[in-house]
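What follows is the residue order along each chain.
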Amino acid sequence: AAAIFIVINKFAAFPSCEDYQAHGCLMPIQALVEMFSLVNGISALLMSSEGKSILNGPLKDFFSRCICPHPPSELFQELLTRVPELKLRAESDALDPKAKLILITTLQSFAECLEDTMNRPTVSCPPEMRVQFMWPMMVSRDFLELAGSGHPLALVTLAYYDTILSWGE
């Protein structure tokens, strides 16, 4: 539970494009990569034996399914179509083979995360909010390095994710 609250605090303190220099953060992409690493830590906790008790403890409603799903927003519906389109672009562009594989895999996981959160509603929150936490758990370190180096399609992928973050603020 503490790890989850640390990540929520990190999301809340994330610098915006308008004021990132005022916060002393000259690398907003690096700040986002750090958040992905924190969320990956939650994933490791949830997969551990201690994590199994979280799924059955006081926070179980956060993870449980519901019969009455939250309706997805227009933003979410739009991302459901745009992420696969970006994946097709990555597949067709003449890119370095390693970068191409990383991007295709990452975009596939993003599309699957969007579909999964839509198809498996929970009691606690709409699909957009769950994507904020679920997709970073699926992202590889290779993708984070690609984005950190400024690769254009990796940055566009993060921009798509950032629309979800913006919705959640």
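Quick caveat: nothing in here was measured; it's all calculated off a predicted structure.

### Here's the deal with the nonpolar core
Formed by 32 residues in total, the largest nonpolar core has its most connected members in F36, V83, F110, V131, W135 and F143. Every element with two or more residues in this core is listed here: α2 (28-47), α5 (74-92), α6 (97-119), α7 (127-138), α8 (141-148) and α9 (152-168). The dominant element in this core, judged by the number of residues it contributes, is α6, at nine residues. Not counting residues within four places of it along the chain, the set of residues in contact with F36 comprises W135, P136, V139, L144, L158 and Y161.

### Side note on the packing of aromatic side chains
According to the stated counting rule, one finds three aromatic pairs in the structure shown. When the centroid spacing of 6.1 Å and the interplanar angle of 65° are considered together, the rings of W135 and F143 count as edge-to-face. For W135, a relative accessible area of 0% corresponds to the buried category. Here the aromatic rings of W135 and Y161 are separated by 5.4 Å at their centres, their planes lie at 45°, and the arrangement is tilted. Of this pair, W135 sits in helix α7 while Y161 sits in helix α9; the two residues are 26 residues apart in sequence, bridging distant segments of the chain. Exposure class is identical for W135 and Y161. Each is buried. An aromatic cluster of three or more residues is present, and its members are F110, W135, F143 and Y161.

### Quick look at the pattern of salt bridges
For the structure on display, the rule yields three salt bridges. When the shortest N-O distance is used, the salt bridge between R82 and E78 registers 2.6 Å. Placement of both R82 and E78 in helix α5 is noted, with a separation of four residues, approximately one turn of the helix. Judged by its relative accessible area of 38%, R82 falls in the partly exposed class. E78 sits in the partly exposed class, given a relative accessible area of 38%. A salt bridge links D93 to R89; its shortest N-O distance comes to 3.1 Å.

### Observations regarding α6
Taking 1.5 Å per residue, 23 residues should reach 33 Å; α6 reaches 33 Å between its end C-alpha atoms and fits that length. Those residues of α6 that sit buried are A99, I102, L103, I104, T106, L107, S109, F110, A111, C113, L114 and T117.

### Here's the deal with α5
Side chains three or four residues apart in an α-helix point the same way, a direct result of the helix having 3.6 residues per turn. In this model α5 runs 28 Å from its N-terminal to its C-terminal C-alpha over 19 residues, within 8% of the 27 Å that 1.5 Å per residue would give. A bend of about 25° at L80 is the largest found in α5, and the proline P84 appears one to four places after it. Within the span of α5, buried status applies to F76, L79, V83, L86, K87 and A90.

### A closer look at the packing of α6 against α8
Packing of α6 against α8 leaves a shortest axis separation of 10 Å and a crossing angle of 110°. Here α8 runs roughly perpendicular to α6, going by the angle between their axes. Helix-helix and strand crossings are classified by hand; for α6 and α8 the assignment is left-handed. Of α8, the residues touching α6 (which contributes A99, I102, L103 and T106) are D142, F143 and L146.

### Quick look at the packing of α5 against α6
Contact pair α5 / α6: the axes reach a minimum separation of 9 Å and the direction vectors enclose 160°. As summarised for this structure, α5 and α6 are arranged roughly antiparallel, according to the angle between their axes. Crossing hand, α5 versus α6: left-handed. Across the interface between the two elements, F76, Q77, L79, L80, V83, P84, L86, K87, A90 and E91 from α5 touch K100, L103, I104, L107, Q108, F110, A111, L114, E115, T117 and M118 from α6.

How each quantity is defined
Residues numbered from 1 in each chain as written. Predicted model: local features only at pLDDT ≥ 70, side-chain atom pairs only at ≥ 80, totals over all residues. Heavy atoms only, no water. Core = buried A, V, L, I, M, F, W, Y, C linked by side-chain atoms within 4.5 Å. Buried < 20%, exposed > 50% of the residue type's maximum accessible area, 1.4 Å probe, protein only. Helix = DSSP H or I, 4+ residues; strand = E, 2+ residues; numbered from the N terminus. Contact = heavy atoms within 4.5 Å. Phe/Tyr/Trp six-rings, centres within 6.5 Å; stacked < 30°, edge-to-face > 60°. Salt bridge = Lys/Arg side-chain N within 4 Å of Asp/Glu carboxyl O. Expected span 1.5 Å × (residues − 1). Bend = angle between axes of the 7 residues up to and from the residue. Axes fitted to C-alpha atoms, helices over the stretch in contact; angles between N-to-C directions. Parallel < 35°, antiparallel > 145°, perpendicular 65-115°, else oblique. Left-handed = near helix turned anticlockwise from the far one by under 90°.

Purely geometric numbers; function is a separate question.
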